[in-house]
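Residue strings, one per chain:
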Amino acid sequence: MQAVFSMVAALLTASLPAYAQDPAPAFPDKQIKFIVPVTAGGGVDTAARLVANQLKSRLGQAVIVENKPGAGGNIGLRQLASSTPDGYTLAFVPNSFTINHSLMRNLPFDTFASFAPVIQIAKAPVFVAARADFPASTLQEVVSLAKKQPGTISFAACDTGSALHLSAEYFKQTTGAHINHIPFKGCADSVPNVLGGQVDLLFISYSNIQGHLQSKRLKPLAVAAPERVSYASSIPTGAAQGVAGFDMEVWYGVLAPAKTPQAILDRLNKALNEVLALPEVQQGLSKSYLTVAGGSAAQFEQIIRNDVNRYAQVVKKSGISID
């Protein structure tokens, strides 16, 4: 009799409806959100929307962009850190968040423990330019002039505490050139002051000065990159002018909340790499003089850690802090 009951139980189990044993629906099965921790209309926002539009076709779900500016990007990142780690809320961030780790006190998240790196999207080197009538035309001449007349040369770098600003601080620390930072609220304020002669130097992205270089209202001095770039091949590197390690860049990347399942992170990384391989995306990014990055999440994590360590040293030596 027991054998009969066992046989019946086995038959009943085998005949259960298939849906009772099916796994959860494959990711994604609903809309995905990109938090962009800066205002709409800038370089980060433009790149995020370009990528989001193409990611929809790869994942089969809408990808919306939600701007959450404020507190140096920390408002948006705090929202990401507290989001459910299911892959449906991501952040499209600039590398300023790696600087904030040492620049700002009492961050509302942990730079490493609160996030899972997904992929680096794009990058662009920092450029150094001067007002048209500035007496120096090379970095060596800037250093020489700054040492002869310490404290008389000024520079702007869009936002205080940005990668552009820290590039200037690194330049100062490496060369011993005493140049004064004049703070502004954004490139829209800093660039006109250099054009007008109120400030001497700019540490800035090429997209913000390309037209002024062509009109010769600004004078190019250097690109902070290991090699010259194709779109500005006449501008020498900082290393070629004796500034060792002057390899500074702005980059954008995608983060997920910590504890997001690895399978979902892998799915997102694969889809985003496919998006970055599209000619229309590469062309769209190149219009802002951005170079496609891509790669694995592990590679992106290492970039983040390297930047945090590097900028921490620059911040410590400069004494800059933002409460």
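Everything quoted here is computed from the prediction, not taken from an experiment.

**Quick word on the pattern of salt bridges**
- What the rule picks out here adds up to eight salt bridges.
- The salt bridge partner of Lys 172 is Glu 169, with a shortest N-O separation of 3.5 Å. Here Lys 172 and its partner Glu 169 are both found in helix H6 (residues 163–175), three residues apart, which amounts to about one turn of the helix.
- In this structure, Glu 274 and Lys 270 form a salt bridge, with 2.7 Å as the shortest nitrogen-oxygen distance. With Glu 274 and Lys 270 both in helix H9 (residues 262–276) and four residues apart, the pair spans about one turn of that helix.

**Side note on the pairing of strand E2 (residues 63–67)**
- Bridge count between strand E1 (residues 32–36) and E2: five bridges; the pairing is parallel. Considered in E2, the bridge of Phe 34 is made with Val 65.
- With helix H2 (residues 43–59) bridging E1 and the parallel E2, this β-α-β connection has right-handed handedness.

**As for the side chain of Asn 74**
- Mapped onto the fold, Asn 74 is located in helix H3 (residues 74–81).
- Ignoring any residue separated from it by four or fewer positions in sequence, one finds Asn 74 in contact with Asn 100, Met 104, Leu 107, Pro 108 and Phe 109.

**Topic: the state of the cysteines**
- Within this structure, the stated rule accounts for one disulfide.
- Through a disulfide, Cys 158 is tied to Cys 187; the S-S separation comes to 1.9 Å. On the S-S bond that ties Cys 158 to Cys 187, the torsion sits near 105°, and the link is right-handed. Of this pair, Cys 158 sits in the loop between strand E5 (153–156) and H6 while Cys 187 sits in helix H7 (residues 187–195); the two residues are 29 residues apart in sequence, bridging distant segments of the chain. The pair Cys 158 / Cys 187 is uniform in exposure class, with both members buried.

**Things to note about helix H4 (residues 96–103)**
- Buried within H4 are the following residues: Phe 97, Thr 98, Ile 99, Asn 100 and Leu 103.
- In this fold, the buried residues of H4 make contact with H3, strand E3 (89–94), strand E4 (115–131), H6, strand E9 (249–257) and helix H11 (297–318).

**Side note on the nonpolar core**
- Ranked by internal contacts, the top residues of the largest apolar core, which has 94 residues, are Phe 34, Phe 92, Phe 171, Phe 203 and Phe 246.
- Counting residues per element, this core draws most heavily on E4, which supplies 11 residues.
- Beyond its immediate sequence surroundings of up to four residues, Phe 203 is in contact with Val 126, Phe 127, Val 128, Phe 155, Ala 156, Ala 157, Leu 164, Ser 167, Ala 168, Phe 171, Ile 179 and Phe 246.
- Residues Ile 35, Ala 91, Val 93 and Phe 300 belong to the second largest nonpolar core, which totals 13 residues.

**Re the environment of Ala 239**
- Within the secondary structure layout, Ala 239 lies in the loop between strand E8 (218–224) and E9.
- By relative accessible area, Ala 239 is classed as partly exposed at 45%.
- Residues Ala 239 and Pro 226, spaced 13 residues apart in sequence, show a C-alpha to C-alpha distance of 7.0 Å.

**Some details on the pairing of E5**
- Burial of E5 is two-sided: the residues Ile 153 and Phe 155 facing one way and the residues Ser 154 and Ala 156 facing the other way are all buried.
- Note that E5 and strand E6 (residues 179–181) share three bridges and pair parallel. Bridge pairing links Ile 153 to Ile 179 in E6.
- Of the crossover connections in this fold, the one passing from E5 over H6 to the parallel E6 is right-handed.
- Sheet analysis places E5 next to strand E7 (residues 201–205), joined by two bridges and oriented parallel. By the bridge assignment, Phe 155 is partnered in E7 with Leu 201.

**Re the packing of H6 against H11**
- Two numbers describe how H6 lies on H11: the axes approach to 10 Å, and their chain directions differ by 65°. As judged from the angle between their axes, H6 and H11 are roughly perpendicular. For the pair H6 and H11, the sense of crossing is left-handed. Along its contact with H6, which presents Ala 163, Leu 166, Glu 169, Tyr 170 and Gln 173, the element H11 presents Arg 310, Tyr 311, Gln 313, Val 314, Val 315, Lys 317 and Ser 318.

**Some remarks on the environment of Lys 30**
- Secondary-structure assignment places Lys 30 in the loop between helix H1 (2–14) and E1.
- Assessed through its relative accessible area of 43%, Lys 30 is described here as partly exposed.
- Along the backbone, Lys 30 and Gln 61 are 31 residues apart, and their C-alpha atoms lie at a distance of 6.0 Å.
- Those residues in contact with Lys 30 that sit more than four places away from it in its chain are Gln 61, Asp 86 and Tyr 88.

**Describing the packing of aromatic side chains**
- Throughout the structure, instances matching the rule amount to 15 aromatic pairs.
- Between the aromatic rings of Phe 127 and Tyr 231, the centroid separation amounts to 6.3 Å while the plane-to-plane angle is 40°, which identifies the pairing as tilted. In this pair, Phe 127 sits in strand E4 while Tyr 231 sits in the loop between E8 and E9, placing the two residues 104 residues apart along the sequence.
- Here Phe 155 and Phe 203 contribute two aromatic rings whose centre-to-centre distance is 5.6 Å and whose plane-to-plane angle is 75°, an arrangement assigned as edge-to-face.

Reading the values: the criteria
Residues numbered from 1 in each chain as written. Predicted model: local features only at pLDDT ≥ 70, side-chain atom pairs only at ≥ 80, totals over all residues. Heavy atoms only, no water. Salt bridge = Lys/Arg side-chain N within 4 Å of Asp/Glu carboxyl O. Helix = DSSP H or I, 4+ residues; strand = E, 2+ residues; numbered from the N terminus. Pairing = 2+ DSSP bridges. Right-handed = clockwise from strand over helix to strand, strands pointing away. Contact = heavy atoms within 4.5 Å. Disulfide = S-S within 2.5 Å. Buried < 20%, exposed > 50% of the residue type's maximum accessible area, 1.4 Å probe, protein only. Core = buried A, V, L, I, M, F, W, Y, C linked by side-chain atoms within 4.5 Å. Axes fitted to C-alpha atoms, helices over the stretch in contact; angles between N-to-C directions. Parallel < 35°, antiparallel > 145°, perpendicular 65-115°, else oblique. Left-handed = near helix turned anticlockwise from the far one by under 90°. Phe/Tyr/Trp six-rings, centres within 6.5 Å; stacked < 30°, edge-to-face > 60°.

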